[in-house]
Amino acid sequence: MKYTTRPKAVLLLKDGTIFYGKSIGIEGKTFGEVAFNTGMTGYQEIFTDPSYYGQIMVTTNPHIGNYGVNDNDTEADRIMISGLVCKNFSFNHSRPSASSSLEEYLKKQNLIVISDVDTRALVSYIRDNGAMNAVISTDGTPIDELKKLLNEIPDMKGLELSSKVSVTEPYYIGEENAKYKIAALDLGIKKNILRNLAKRDCYIKVFPYNTSYEEMSKFNPDGYFLSNGPGDPEPLHQAQQTARDILENDKPLFGICLGHQVIGLANGISTYKMFNGHRGINHPIDNVLTGKGEITSQNHGFAINREEVEAHPDFEITHLHINDQTVAGMRMKNKNCFSVQYHPEASPGPHDASYLFDQFIENIEKLKMQNA
């Protein structure tokens, strides 16, 4: 498709603000909460990350698509974002290992995209006014009609989305004769999390988001894992009960992102929707236990209440986000349990926090030695 012949497109925010651009060729409308990611690479992993389900993604890197797509760079079997907003969309790519262009990949999965948007102005607007619902239209629907349709879209707060991305039947990852067995609750799990566990000699059974502890325990795992995922953690009542049951039975537990929030809620610590959230691969973290800094990959729009963590007799904060001092990690004093708000599997992103997977294995080993 030639640049000069591309159809006009529009991005309408919930508050009535309009940004104009061009369609990459997929006609229609798509709705979701608009959010931005500051990463300079890894767009394919971002688009397929289940944590982004229900969101329209704004990429701050001005060039998207220049290295095409590769079948090995996905975090799920399909695109999870609701739509894409970018500045310059590259129809041509120059990566030898690419399996196709990004245009072909998006068209195959029918993702609606608006490009040629002033993304710097858009991100500045979202930063000042907060994340909100939006609609991308590439089919010429009148603005007044788009406003009416947009008003019917539910807000992210209170929205349970894990059921939209979780598996419906358990499955296995890794070698069956591996040293450790891990039961993972799929709230929207990324493939690279499973890869990180498998390469640490783990055999993982992945369970649907609403699985009980009783069912997971039949696998006789050495440890339990609560994954990342989309939406508000508060409606995940079964996952919270599962976390409570794991802790009551003194089993090793590790949570990432949404799993981190579920552990907090399971222990009476509340969560809240952030004004903008953290999404990118360069977020600075203070490890308060070691005094060292970490550069991390993050993707979340909800957070744990810091005051309640500090007041809880069984918890201590292990990591803080340097930019806004929000809780980035915590652990229990009386249980074999810890969690982080960010993504140590870092796909995409730096590997500063990959030690957390090793820490999980060390916790399992300590319990095995105590029970020997």
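As a convention, each chain's residues are numbered from 1 in the sequence order in which they are written. In keeping with the model being predicted, local features are shown solely for residues with a pLDDT of at least 70 and side-chain atom pairs are shown and tallied solely at 80 or more, while totals for entire chains, interfaces and linings include all residues. Here the side-chain values reflect all heavy atoms present in the structure, with hydrogen atoms and water set aside.

## Topic: empty space enclosed by the protein
Going by this rule: Only protein atoms enter the 1 Å grid, on which a cavity is a set of points fitting a 1.4 Å probe that cannot get out and a pocket is an open set with protein on both sides within 12 Å along at least 5 of 7 lines, lining residues being those with an atom within 4 Å of a point. Grid points are joined across faces, edges and corners, and a volume is the space filled by probe spheres set on the points. The way it works is that DSSP assigns letters per residue, a run of H or I at least four long becomes a helix, a run of E at least two long becomes a strand, and they are numbered from the N terminus. All residues other than Ala, Val, Leu, Ile, Met, Phe, Trp, Tyr, Cys, Pro, Asp, Glu, Lys and Arg, Gly among them, are scored as polar; the first ten of these are nonpolar and the last four charged.
In total, this model carries two cavities of 30 Å³ or more according to the counting rule given. By volume, the largest cavity is sized at about 150 Å³. If you trace the largest cavity, you find 17 residues lining it, with G229, G231, H300, G301 and F302 closest to the centre. At the level of elements, α9 (258–266), β15 (271–287) and β16 (292–304) are the ones that each hand at least two residues to the lining of the largest cavity. With four residues, the top contributor of residues to the lining of the largest cavity is β16. For the lining of the largest cavity, the residue count by class is six nonpolar, eight polar and three charged. In this structure, the second largest cavity spans a volume of roughly 80 Å³.

## Some points on helix α3 (residues 119–129)
The condition that has to hold: The buried label applies to any residue whose accessible area, calculated with a 1.4 Å probe on protein chains only, is under 20% of its type's maximum; exposed applies above 50%, and partly exposed to all values in between. An arc is given here, and it is the one of the directions from the helix axis to the C-beta atoms. Whether two residues are in contact is decided by their heavy atoms: any pair within 4.5 Å suffices.
Listed in full, the buried residues belonging to α3 are T119, L122, V123 and I126. In an axial view of α3, the angular spread of the buried residues amounts to 95°, which keeps them on one side of the axis. Opposite the buried face of α3, by more than 90 degrees, sit the exposed residues R120 and D128. For α3, the elements touching its buried residues are β1 (8–13), β2 (18–23), β3 (29–37), β4 (55–59), β6 (83–85) and β15. G130 sits one or two residues past α3 and shows a positive phi near 90°.

## Quick look at the sheet that holds strand β9 (residues 132–137)
Cut-off, in case you're wondering: Strands pair, by our definition, only if DSSP identifies at least two bridges between them. Here, axes are lines fitted to C-alpha atoms. For helices the fit covers the stretch in contact, and angles between N-to-C directions go from 0 to 180 degrees.
In space, the seven strands of this closed barrel follow the order β1-β2-β8-β6-β4-β3-β9, with mixed pairing throughout. Each strand of the sheet is rotated relative to its neighbour by a mean of 35°, with strand direction disregarded. Summarising the sheet, β3 and β9 pair through six bridges and their orientation is antiparallel. Pairing of V34 across the sheet is with M132, part of β9. On top of the sheet, α3 reaches β1, β2, β3, β4, β6 and β9; it is set at about 125° to β4, its chief contact. In the packing of helix α4 (residues 143–151) onto the sheet, the strands contacted are β1, β2, β3 and β9, and the crossing angle to β1 comes to about 45°.

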